[in-house]
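# Structural overview for review
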Amino acid sequence: MSFLETHATTVIAVRRGGTVAIAADGQVSMGDTVVKNTANKIQRLRGGSVLAGFAGSTADAVALVERFEAKLEEFGVLRRAAVELAKDWRTDRSMRALEALLLVADANETLLLSGNGDVIQPDDGIAAIGSGGGYARAAARALMAATDLSAREIAEQAMQIAAGICVYTNDQITIEEITT
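Attention in this report is confined to the structure presented alongside it.

Calculation notes
Residues numbered from 1 in each chain as written. Predicted model: local features only at pLDDT ≥ 70, side-chain atom pairs only at ≥ 80, totals over all residues. Heavy atoms only, no water. Axes fitted to C-alpha atoms, helices over the stretch in contact; angles between N-to-C directions. Helix = DSSP H or I, 4+ residues; strand = E, 2+ residues; numbered from the N terminus. Parallel < 35°, antiparallel > 145°, perpendicular 65-115°, else oblique. Left-handed = near helix turned anticlockwise from the far one by under 90°. Contact = heavy atoms within 4.5 Å. Pairing = 2+ DSSP bridges. Buried < 20%, exposed > 50% of the residue type's maximum accessible area, 1.4 Å probe, protein only. Polar contact = N/O pair within 3.5 Å; in protein donor to acceptor, adjacent residues only side chain to side chain. Nonpolar A, V, L, I, M, F, W, Y, C, P; charged D, E, K, R; others polar.

For the pair helix α1 (residues 58-75) and helix α2 (residues 78-91), interaxial distance at closest approach is 8 Å and the crossing angle is 130°. Here α1 lies oblique to α2, going by the angle between them. Note that α1 runs across α2; the crossing there is right-handed. Two secondary-structure elements touch here, α1 through Leu64, Arg67, Phe68, Lys71, Leu72 and Phe75 and α2 through Leu78, Arg80, Ala81, Ala82, Glu84, Leu85, Asp88 and Trp89.

This is the structure:
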């Protein structure tokens, strides 16, 4: 699955000033119908020290978050757990069919994971996934460059902008933060 094939949500991670914030909308769509407005697409892992946000098929995403959490327990380090999950996701026959993307973050780094074997750390501290991800990322980059807003405020405003553009994104936003 490529970034452009992922539909029906927006999740963004913004890192600034010792804080990382992950924000997600609450819309769940089936085809062209909204079936839920207040879904939570962000989970806290490892006692709250790791955040995971997901886009794509809900069942697939939840399965991936569970597998990622198991990798975190096994390896203890975010990057190593992400690489090991991406390897399994790409090579395991049953996992290859999973249609989702993950954003994971701890106090030190943010990573985007895909079934193509990607483990990407953004250059600018901003990563976004889902159908509204491009809009949210562009908005966050502009806000990062032109304001002194916090990571949380940038994530929230970027999500509001994406919700105004992407029909698969709503303004029922959940935000989780980790501060170093």
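There's plenty left to go through after this.
The sheet built from four strands is open, its strands ordered β10-β1-β2-β11 with antiparallel pairing. Of all the strands in the sheet, the pair left with one neighbour each is β10 (126-130) and β11 (174-179). Strand-to-strand twist in this sheet, taken as the mean axis angle between neighbours without regard to direction, amounts to 10°. Where strand β1 (residues 10-16) meets strand β2 (residues 19-24), six bridges bridge the pair, whose relative direction is antiparallel.

Moving on to the environment of glycine 130. Along the chain, the position of glycine 130 falls in strand β10. We classify glycine 130 as buried; its relative accessible area is 11%. Remark: the alpha-carbon pair of glycine 130 and leucine 101, spanning 29 residues in sequence, is separated by 7.8 Å.

With that settled, the discussion passes to the side chain of threonine 10. Looking at the secondary structure, you find threonine 10 in strand β1. For threonine 10, a relative accessible area of 0% gives the class buried. Here the side chain of threonine 10 touches glycine 132 through a polar contact of 3.2 Å, landing on its backbone nitrogen. A polar contact of 2.5 Å, which involves the side chain of threonine 10, links it to the side chain of threonine 169. Every residue in contact with threonine 10, bar those within four places of it in the chain, is listed here: Ala23, Ala24, Asp25, Ile129, Ser131, Gly132, Gly133, Ala136, Met159, Ala162 and Thr169.

This part covers the packing of helix α4 (residues 133-146) against helix α5 (residues 151-163). The N-to-C vectors of α4 and α5 enclose an angle of 135°; their axes lie 8 Å apart at closest approach. As the angle between them shows, α4 and α5 are arranged oblique. Between α4 and α5 lies a crossing whose hand is right-handed. Contacts from Tyr135, Ala136, Ala139, Ala140, Leu143 and Met144 of α4 reach α5 at Ile154, Gln157, Ala158, Ile161 and Ala162. For the contact of α4 with α5, a count of residues per class yields ten nonpolar, one polar and no charged.

Function-wise, these values are silent; they only describe arrangement.
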